[in-house]
Amino acid sequence: MKHYLQFKDLSADEYAYVFARAALIKKKFKAYEKHHTLSDRTLAMIFEKASTRTRVSFEAGMYQLGGSVVHLTTGDSQLGRAEPIEDSAKVISRMTDIVMIRTFEQTKIERFAAVSRVPVINGLTNEFHPCQILADIFTFIEHRGSIQGKTVAWVGDGNNMANTWLQAAALLGFHLHVSTPSGYEVNEVTAAAAPSNASGSYKTFSDPMKACAGADLVTTDVWTSMGFEAENEARRAAFASWCVDRTMMAAAVPDALFMHCLPAHRGEEVEAEVIDGPQSVVWDEAENRMHVQKALMEYLLLGRQN
Ligand code: CP
Ligand code: NVA
């Protein structure tokens, strides 16, 4: 049994399969063709933090695969009343076939997975957001072909998204440029990237313009992630020079893409002219969450399909 708790939980070869499968699943979805490979399977979705995209993409995706969904939150389940996570895992995984969890500490999802009878998927933790990077790389491939050897610039917080990009660069062999304000660097121990594919690399820059130079993709995220709201004011001040604007995009290659996992704050981490401009692929990126996660759930439950 396989879990998907961090990006490095799948190999480059498995990613190649999942991306190809997601492309097929997307094509069938667009053609209104049924793809009921998970009929009678049930997905439990556990949300301890807010969500729009993750909820809709997993829920709609599971129905489209012929399965069904149970939606739990901290507030409306015993999870919020201190039932041990292991007890919850043992019970939920006896009644469902696959579980998606969005929570705070990565250790929480690891404890759940350790006793779960079914595959567990990370729908975002403080440390990682692998489903989002799965969608981002699929989106890059759709627009520009293979990401291997390309350069991705991460501008902003050294957060769950940045950690996950680090793992992806090592695994899939692309160059990652990261620029964060001082005090908000990526924790390389947490990210503990997968053994590096010889063609991948990771470099930090104090100047975000330099990180963007020659990049094929420029990407950012909110300055304050969920769970860190108390730091909002301090972060606003520290991140003021880390707004992705037209000048930064101009430092990248002329046809560079812009991505943002959303939700976005125009005028903070990104200028409206960039996120709503011609290089932005944020709506494809959001939609692709659903297609890649359908491929992921199918792979975790059924393995490779012909
Ligand atoms: N990008 C993302 O995970 O969005 P939600 O928080 O809306 O799920
Ligand atoms: N880094 C953000 C991503 C939201 C999808 C957060 O954790 O809140």
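Preceding this section is the structure that the text describes.
The paragraphs below set out a description of the structure included in this document.

What counts, and at which threshold
Position numbers for residues count from 1 along each chain, tracking the sequence in the order it is written. Note on labels: chains are lettered from A, ligands numbered from 1, in written order. Since the coordinates come from a predicted model, pLDDT governs what is reported: local features require at least 70, and pairs of side-chain atoms require 80 or more to be given and counted, while whole-chain, interface and lining totals use all residues. To get the side-chain values, take all heavy atoms of the structure and skip hydrogens and water. Numbering of helices and strands runs from the N terminus, with a helix taken as a DSSP run of H or I at least four residues long and a strand as a DSSP run of E at least two residues long. Radius of gyration: over C-alpha atoms. The globule rule applied is 2.2 Å multiplied by the number of residues raised to the 0.38 power. Any residue under 20% of the maximum accessible area for its type is buried, any over 50% is exposed, and the rest in between are partly exposed; the area is computed with a 1.4 Å probe on protein chains only. By the convention used here, residues are in contact when the closest approach between their heavy atoms is within 4.5 Å. Each accessible area is a Shrake-Rupley result for a 1.4 Å probe, and residues are judged covered by the shown protein chains and nothing else. His is not counted, nor are the chain ends, whereas Lys and Arg count as positive and Asp and Glu as negative. Taken as the charge location is NZ of Lys, CZ of Arg, CG of Asp or CD of Glu. Here a pair means two rings of Phe, Tyr or Trp (six-membered ring of Trp) with centres within 6.5 Å. Their orientation is stacked below 30 degrees between planes, edge-to-face above 60, and tilted elsewhere. We define proximity as follows: a residue is near a molecule or strand when any one of its heavy atoms falls within 4 Å of that partner. Lys, Arg, Asp and Glu make up the charged group, whereas Ala, Val, Leu, Ile, Met, Phe, Trp, Tyr, Cys and Pro make up the nonpolar group; the residues left over, Gly among them, are polar. Any pair of N or O atoms that falls within 3.5 Å is considered a polar contact. Within protein, one atom must be able to donate a hydrogen and the other to accept it, and sequence-neighbouring residues count only if both atoms are side-chain atoms. A pair of strands counts as paired when DSSP detects no fewer than two bridges linking them. Axis definition: a line fitted to C-alpha atoms, limited for helices to the stretch in contact. Angles are taken between N-to-C directions and run from 0 to 180 degrees.

## Quick word on the overall build of the chain
What the chain contains, in helices and strands, is twelve helices and nine strands. Compactness check: the chain gives a C-alpha radius of gyration of 19 Å against a globular reference of 19 Å for 306 residues, within 12% of the reference. Projected onto its principal axes, the C-alpha coordinates of the chain cover approximately 50 × 45 × 35 Å. Scored against the burial criterion, the 306 residues of the chain give a buried share of 55%. Long-range contacts, defined here as pairs at least 24 residues apart, represent 75% of the contacts in the chain between residues at least 6 apart. Of the roughly 12,500 Å² of accessible surface on the chain, 53% is carried by carbon and sulfur atoms. One finds the centroid of the 30 positive side-chain charges in the chain at a distance of 6 Å from the centroid of its 37 negative side-chain charges.

## So, the packing of aromatic side chains
Scanning the entire structure with this criterion turns up seven aromatic pairs. Centre to centre, the rings of Phe 19 and Phe 138 are 6.3 Å apart; their planes meet at 25 degrees, and the pair counts as stacked. Linking Phe 19 in helix H1 (residues 12-30) with Phe 138 in helix H5 (residues 130-144), this pair joins segments that are 119 residues apart in sequence. The same class applies to Phe 19 as to Phe 138, namely buried. Relative to Phe 174, the ring of Trp 165 has its centre 5.8 Å away and its plane inclined at 85 degrees; by these criteria the two rings are edge-to-face.

## What to know about the site of ligand 1
Ser 51, Thr 52, Arg 53, Thr 54, Arg 102, His 129, Gln 132, Cys 261, Leu 262 and Arg 289 make up every residue found near ligand 1. When ligand 1 sits alone it has 260 Å² of accessible area, and the protein chains cover 95% of it. Here the residues of the shell around ligand 1 sort into two nonpolar, five polar and three charged.

## Some words on the site of ligand 2
Taken together, Leu 124, Asn 159, Asn 160, Asp 221, Val 222, Ser 225, Met 226, Cys 261 and Leu 262 are the residues near ligand 2. The contact in question runs from an oxygen atom of ligand 2 to an N or O atom on the side chain of Asn 160, over 2.8 Å. Met 226 places a polar main-chain atom, nitrogen or oxygen, 2.8 Å from an oxygen atom of ligand 2. The protein chains hide 94% of the 270 Å² of surface that ligand 2 would expose on its own.

## Description of the pairing of strand S5 (residues 151-155)
For S5, the buried fraction is high: five of the five residues fall into the buried class. Taking every second residue as pointing to the same face, both faces of S5 are buried, with Thr 151, Ala 153 and Val 155 on one and Val 152 and Trp 154 on the other. Pairing analysis gives five bridges linking S5 to strand S6 (residues 175-179), with the strands arranged parallel. Within S6, the residue paired with Ala 153 across the bridge is His 177. Relative to strand S8 (residues 217-220), S5 runs parallel, the two sharing four bridges. Residue pairing across strands places Trp 154 opposite Thr 219, the latter belonging to S8.

## Things to note about the sheet that holds strand S1 (residues 42-47)
Ordered in space as S2-S1-S3-S4, the four strands form an open sheet in which the pairing is parallel. Looking at which strands have only one partner, the edges of the open sheet turn out to be strand S2 (68-73) and strand S4 (120-122). The average angle at which neighbouring strand axes cross in this sheet is 20 degrees, direction not considered. Of the pairings in the sheet, the one linking S1 to strand S3 (residues 98-102) comprises five bridges and is parallel in character. Of the residues in S3, the one forming a bridge with Ala 44 is Val 99. Helix H4 (residues 106-115) contacts S1, S3 and S4 of the sheet and is inclined by roughly 170 degrees relative to S4.

So, to be careful, I would describe these as geometric facts and stop short of saying anything about function.
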